[in-house]
Amino acid sequence: MAIKRITILDVPVDICPPQDLEPQILEMIAKPGTKQIMFMSVWDLLKARHKNDYARCVQNADLIIPISKSIIRGAKFLKKEEPVRYNPFNAIISILTILENHYKSLYLLGGRKKTVMTAEKNVRGTFQNLQIVGRYVGYYPKSVETNIIQAIYKASPSLVLVSEGIKEKDCWAYNRRNSFSSSIFLYHRDVIGIFGERKNRVSEKTFERGHEIWSEIFRNPLKLFLIFPYIKYKVLLVWYRLFRKD
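Along each chain, residues carry numbers from 1 onward, in the same order as the chain's sequence is written. In keeping with the predicted nature of the model, local features appear solely for residues at pLDDT of at least 70, side-chain atom pairs appear and are counted solely at 80 or more, and the whole-chain, interface and lining totals rest on all residues. Values shown for side chains rest on all heavy atoms present in the structure; no hydrogens or waters enter the calculation.

A few words now on the sheet that holds strand E8 (residues 182–187). When DSSP finds at least two bridges between two strands, those strands are taken to pair. Strands here mean DSSP runs of E at least two residues long; helices mean DSSP runs of H or I at least four residues long; both are numbered from the N terminus. In spatial order, the strands read E4-E3-E8-E7-E5-E6; together these six strands make up an open sheet with parallel pairing. The open sheet terminates on both sides in strands that have one partner only, identified here as strand E4 (63–66) and strand E6 (131–136). Ignoring strand direction, the axes of neighbouring strands in this sheet form an average angle of 20°. Alignment of strand E3 (residues 33–40) against E4, held across four bridges, turns out to be parallel. Opposite Met38, over in E4, you have Ile64 as the bridge partner. In this description, a line fitted to the C-alpha atoms serves as the axis of each element, helices being fitted only across the stretch in contact, and the angle between N-to-C directions of two axes falls anywhere from 0 to 180 degrees.

Structure follows, in C-alpha cells:
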C-alpha cells in the first residue's frame with residue numbers, strides 16, 4: 001500500500017486517508033528492521049528544515065502524519081494536494097485498534113513508574129487482544145539503556161510507544177535504528193500520561209478549531225513566543241509560492 005508523499009517547504013508530509021491507515025500499518029509491520037511513524041506539527045516542520053538529527057529522522061520516517069491545521073493550509077496555499085490532519089491521540093487509538101484486531105504486540109517506553117503502570121493496566125483493559133510485551137520508565141539513567149534496547153530487541157514488539165522522559169524524543173529510535181529487529185516506533189509526549197490518567201487530552205472541539213496551542217501556552221506561557229516562528233512560516237510560504245518550486 002503506497003501512500004502519497006508531498007513536500008511543504010522542502011519537508012516531507014504524507015497523505016494518508018483514514019481508510020488507508022490499516023493497510024499502511026500492516027505493511028510497515030511486515031517490513032523488517034526499525035520503522036517510524038512521526039507526528040508533524042508546524043513547529044516540527046520548521047525544525048526539520050535545518051540540517052540536524054531531527055531532519056534526518058523525518059527524511060527517513062515511514063509515515064509522517066500532519067497534526068497542525070497550518071500545515072494543511074500551507075499545502076493548499078502552495079497548490080498541493082491537501083494531507084489529512086489527525087488528532088495525535090485519536091490516531092494512536094486507531095493504530096492500537098488495528099494492532100489489536102490482528103493480535104499484535106506493544107511495548108511502552110516513558111513516563112514515571114506509577115503512570116506507566118496505570119497506563120499498562122488501562123491499555124490491557126481496553127485492547128484485550130493486544131499483547132503488551134514490556135514497559136520501561138522514562139527519565140532513566142544512561143547506565144540502563146543497553147538493557148532497555150536488548151529488552152525491546154528480544155521482545156520484538158509490533159509497536160513501541162515512546163513518551164515523556166525520553167530525552168531524544170523522535171530521534172531516540174532513529175539514532176538506535178540498527179539495534180532493533182523489527183518494530184514500529186511512535187513518539188508522543190503525552191500518550192502514556194493520558195493512558196496513565198495523569199494528563200488530560202485535548203478536546204475534540206479545541207483540536208478541530210486548531211486551538212490546541214492555547215493549552216500549550218497555558219502550561220508554558222513562554223510558548224507565546226512561538227508567534228515569531230509562525231510568522232516566519234507564513235513568510236516562507238509566500239516566498240515558496242512566488243519564487244520556488246517546492
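This part covers the pattern of salt bridges. Here, a salt bridge means any side-chain nitrogen of Lys or Arg that lies within 4 Å of a carboxyl oxygen of Asp or Glu. Counted by the stated rule, this structure contains 15 salt bridges. Salt-bridge contacts for Asp14 lead to Arg5; the nearest nitrogen and oxygen are separated by 2.6 Å. In this structure, the salt-bridge partner of Asp10 is Arg244, at a minimum N-O distance of 3.0 Å. Of this pair, Asp10 sits in the loop between strand E1 (4–8) and strand E2 (11–15) while Arg244 sits in the segment after helix H12 (227–243), and the two are 234 residues apart along the sequence. Buried means the residue's accessible area, taken with a 1.4 Å probe over protein chains only, is under 20% of the maximum for its type, while exposed means over 50%, and partly exposed covers the values in between. Assessed through its relative accessible area of 38%, Arg244 is described here as partly exposed.

Burial analysis of E8 places five of its six residues in the buried class, the great majority of the element. Pairing geometry for E3 and E8, over five bridges, is parallel. Bridge pairing in E8 places Gln36 opposite Phe185. Pairing analysis gives four bridges linking strand E7 (residues 159–162) to E8, with the strands arranged parallel.

Here the focus is a nonpolar patch on the surface. The residues that make up patches have over 30% relative accessible area and no salt bridge, and they are joined within 9 Å when like-charged or within 5 Å when they are Val, Leu, Ile, Met, Phe, Trp or Tyr. Per-residue and other accessible areas were derived by the Shrake-Rupley procedure at a 1.4 Å probe size, with only the shown protein chains allowed to occlude residues. Together, Leu222, Phe225, Ile227, Phe228, Ile231 and Val235 make up an exposed nonpolar region whose accessible area comes to about 650 Å². Summarising the element assignment, Leu222 is placed in the loop between helix H11 (212–219) and H12. Taking relative accessible area as the criterion, Leu222 reaches 60% and is therefore assigned exposed.

On to the nonpolar core, then. Ile25, Ile37, Leu96, Leu106, Leu159, Leu161 and Phe195 are the most contacted members of the largest nonpolar core, which totals 35 residues. At seven residues, helix H5 (residues 88–101) tops the list of elements feeding residues into this core. Counting 26 residues, the second largest nonpolar core, distinct from the first, contains Leu9, Met40, Val42 and Cys171. The definition of a nonpolar core used throughout is a set of buried Ala, Val, Leu, Ile, Met, Phe, Trp, Tyr and Cys residues joined through side-chain atoms within 4.5 Å.

With that settled, consider the packing of aromatic side chains. Two aromatic rings from Phe, Tyr or Trp, using only the six-membered ring of Trp, form a pair when their centres are within 6.5 Å; if the ring planes differ by under 30 degrees the pair is stacked, by over 60 it is edge-to-face, and anything between is tilted. Counted by the stated rule, this structure contains eight aromatic pairs. Members of the aromatic cluster, each reached through a chain of ring pairs, are Trp43, Tyr230 and Tyr233. When the ring centre of Tyr139 is taken as reference, the NZ or CZ atom of Arg112 above it lies at 3.8 Å. Across the ring face of Tyr174, the terminal group of Arg177 is positioned such that the distance to the ring centre comes to 4.0 Å. Here, a charge over a ring means that NZ of Lys or CZ of Arg falls within 6 Å of the ring centre while also lying within 35 degrees of the ring normal.

Looking at where Asp170 falls in the secondary structure, it is placed in helix H8 (residues 170–175). Any pair of residues with heavy atoms lying within 4.5 Å of one another is described as a contacting pair. Among residues more than four places away in sequence, those in contact with Asp170 are Gln36, Met38, Tyr54, Cys57 and Tyr187.

The next thing to look at is the state of the cysteines. Joining two cysteines, a disulfide is a covalent bond between their sulfur atoms. Count a disulfide wherever a pair of cysteine sulfur atoms falls within 2.5 Å. If you walk through the whole model with that rule in mind, you get zero disulfides. Left unpaired, Cys171 is separated from the closest cysteine sulfur, that of Cys57, by 4.5 Å. Residue Cys171 is classed as buried on the basis of its relative accessible area of 9%.

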